Amino acid sequence: LLTSLFAAAQAAAAPAGAAAAASPAQGNGEPAPRRSQAGSGPDFVLCVGDDRSDEDMFTSLETMRANPRLMSSEVYACTVGQKPSRAPFYLNDPSDVLHLLARLVNISLPQS
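Trainee: Explanation requested: the overall build of the chain in the structure shown.
Mentor: Regarding its fold elements, the chain presents three helices and three strands. Secondary structure of the chain in N-to-C order comes out as α-β-α-β-β-α. Residues counted as buried form 28% of the 112 residues belonging to the chain. Surface accessibility of the chain: about 7,600 Å² in total, with carbon and sulfur atoms responsible for 52%.

Printed below as a string of structure tokens:
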């Protein structure tokens, strides 16, 4: 599953040289809305959570994805650890999260 997530994330990644902006969480498990200068939404959204409070964020993303006027970007929601979740993807542990993020920005991590 992690390999297919990597492949999907790479396919949805912005072209080289494109600016990327991260939106901080609002503190209630929901992503903070952020618009680019052109007034459109982000091209790619990655939400990762590891506990029950993050399920509200995953549910909000499902609702937004159901309405293309609210969310037209590629959205990937991942829970950390295999467990029942609204997130369609999972990563095994925090180390997998770090490796996914490193791969998305095309950097090499030091050997641990």
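What follows continues from the structure just given.
Trainee: What should I look at first to understand helix 3 (residues 94–104) in this one?
Mentor: Along helix 3, the residues classified as buried are D96, V97, L100 and A102. Looking at where helix 3 begins, the residue whose side-chain oxygen comes 3.0 Å from the main-chain nitrogen of S95 is D93. Two residues or fewer after helix 3 comes N106, characterised by a positive phi angle close to 60°.

Trainee: How should I be thinking about the sheet that holds strand 1 (residues 44–49) in this particular structure?
Mentor: Strand pairing in a sheet takes place through backbone hydrogen bonds and is either antiparallel or parallel in direction. Ordered by their spatial adjacency, three strands build an open sheet running 1-2-3, and the pairing between neighbours is parallel. Here the strands that pair on one side only, and so sit at the sheet edges, are strand 1 and strand 3 (89–91). Across the sheet, the mean angle from the axis of one strand to that of its neighbour is 30°, orientation sign disregarded. By the bridge criterion, six bridges tie strand 1 to strand 2 (residues 74–80) in an arrangement that is parallel. When the sheet's bridge partners are listed, F44 is paired in strand 2 with E74.

Trainee: Help me understand helix 2 (residues 55–66) in this model?
Mentor: Working note: α-helix, 3.6 residues per turn, so residues spaced by three or four point in the same direction. Here helix 2 spans 17 Å end to end across 12 residues, near enough to the 16 Å set by a 1.5 Å rise per residue. Taken together, the buried residues of helix 2 touch strand 1 and strand 2.

Trainee: Looking at this structure, how should I read the pattern of salt bridges?
Mentor: Close approach of charged atoms lets side chains of opposite charge pair. According to the stated counting rule, one finds one salt bridge in the structure shown. One salt bridge in this structure joins R86 and E62, with 2.3 Å as the shortest N-O distance. One end of the pair, R86, is in the loop between strand 2 and strand 3; the other, E62, is in helix 2, with 24 residues separating them in the sequence. According to the relative accessible area criterion, R86 is partly exposed, its value standing at 45%. Taking relative accessible area as the criterion, E62 reaches 34% and is therefore assigned partly exposed.

What counts and how
Residues numbered from 1 in each chain as written. Predicted model: local features only at pLDDT ≥ 70, side-chain atom pairs only at ≥ 80, totals over all residues. Heavy atoms only, no water. Helix = DSSP H or I, 4+ residues; strand = E, 2+ residues; numbered from the N terminus. Buried < 20%, exposed > 50% of the residue type's maximum accessible area, 1.4 Å probe, protein only. Areas by Shrake-Rupley, 256 points an atom, 1.4 Å probe, with all protein chains shown as cover. Polar contact = N/O pair within 3.5 Å; in protein donor to acceptor, adjacent residues only side chain to side chain. Pairing = 2+ DSSP bridges. Axes fitted to C-alpha atoms, helices over the stretch in contact; angles between N-to-C directions. Expected span 1.5 Å × (residues − 1). Contact = heavy atoms within 4.5 Å. Salt bridge = Lys/Arg side-chain N within 4 Å of Asp/Glu carboxyl O.

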